[in-house]
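# Coordinates in review
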Amino acid sequence: MFFDDPFETVDAQISPDGRHVAYSSRVTDRWDVFVQPFPDGGPQVQITPEGGTQVRWNPNGKELFFVLEDTLYAVAVTAEPEFGAGKPRALFSHAAFRTAYARPRYDVA
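First, a word on scope: everything that follows refers to the structure included in this document.

## Focus on the packing of aromatic side chains
Summed over the entire model, instances satisfying the criterion amount to five aromatic pairs. Note on tyrosine 23 and phenylalanine 34: the rings are 6.0 Å apart at their centroids and 25° apart in plane angle, and the pair reads as stacked. Of this pair, tyrosine 23 sits in strand β2 (residues 20-26) while phenylalanine 34 sits in strand β3 (residues 32-37), placing them 11 residues apart in sequence. Here tyrosine 23 matches phenylalanine 34 in class, with each residue buried. When the centroid spacing of 6.5 Å and the interplanar angle of 85° are considered together, the rings of tryptophan 57 and phenylalanine 83 count as edge-to-face. Of this pair, tryptophan 57 sits in strand β5 (residues 53-57) while phenylalanine 83 sits in the loop between β7 (71-78) and β8 (84-85), and the two are 26 residues apart along the sequence. Classification of phenylalanine 83 as buried rests on a relative accessible area of 13%. The rings of Phe92, Phe97 and Tyr106 are connected pair by pair, giving a single aromatic cluster.

Structure, rendered in structure tokens:
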């Protein structure tokens, strides 16, 4: 099993190039978004500095989206030479994003 850890992990999304997986995990008392190499695993990169769920890849593979409370955020990512993430920026807020579950309530086109 890829996620062989004691933490609750949901909503895994494989990157468009198939080299990384983004997911939400409850490592502490809150949900956060992480990325790991795929399919072999490896070090986690935490994407969310203050929590987040509902992770989705931009189809171009250069951006991740996630939700914190009722706000959709975007963060630029790079895969070369190693995976890295920029600072998340708020896009907009909507009550529909607020949910007790980490399952996405949106999609990226």
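Structure's up, so let's keep going.
## Focus on the side chain of serine 15
With respect to the secondary-structure elements, serine 15 resides in the loop between β1 (8-14) and β2. Classification of serine 15 by relative accessible area gives buried; the value is 6%. Discounting chain neighbours no more than four positions away, the residues touching serine 15 are His20 and Trp57.

## Here's the deal with the side chain of histidine 20
Inspection of the secondary structure puts histidine 20 in strand β2. For histidine 20, a relative accessible area of 7% translates into the label buried. Not counting residues up to four positions away in its chain, the partners in contact with histidine 20 are Gln13, Ile14, Ser15, Val35, Gln36, Pro37, Phe38, Trp57, Ala79 and Phe83.

## Section: the environment of glutamine 44
The topology assignment puts glutamine 44 in the loop between β3 and β4 (45-46). Looking at glutamine 44, the relative accessible area reads 38%, which means it is partly exposed. Among residues more than four places away in sequence, those in contact with glutamine 44 are Tyr23, Phe34, Val35 and Gln36. Among the polar contacts made by the side chain of glutamine 44, one reaches the side chain of tyrosine 23 at a distance of 2.7 Å.

Reading the values: the criteria
- By convention here, each chain's residues receive numbers from 1 onward along its written sequence.
- Thresholds applied to this predicted model are a pLDDT of at least 70 for local features of residues and 80 or more for the giving and counting of side-chain atom pairs; totals over whole chains, interfaces and linings are not thresholded and use all residues.
- No hydrogens and no water enter the side-chain calculation; it runs on all heavy atoms of the structure.
- Paired rings are identified among Phe, Tyr and Trp, the last through its six-membered ring, by centres lying within 6.5 Å, and are further divided according to the angle between planes into stacked (under 30 degrees), edge-to-face (over 60) and tilted (the rest).
- Numbering goes from the N terminus for both helices and strands, where a helix is a DSSP run of H or I of at least four residues and a strand is a run of E of at least two.
- Only protein chains enter the accessibility calculation, which uses a 1.4 Å probe; a residue whose area is less than 20% of its type maximum is buried, one above 50% is exposed, and one in between is partly exposed.
- Contact definition: two residues touch when any of their heavy atoms are within 4.5 Å.
- Two N or O atoms form a polar contact when they lie within 3.5 Å of each other; inside protein one atom must be a possible hydrogen donor and the other a possible acceptor, and for residues adjacent in sequence the pair counts only when both atoms belong to side chains.

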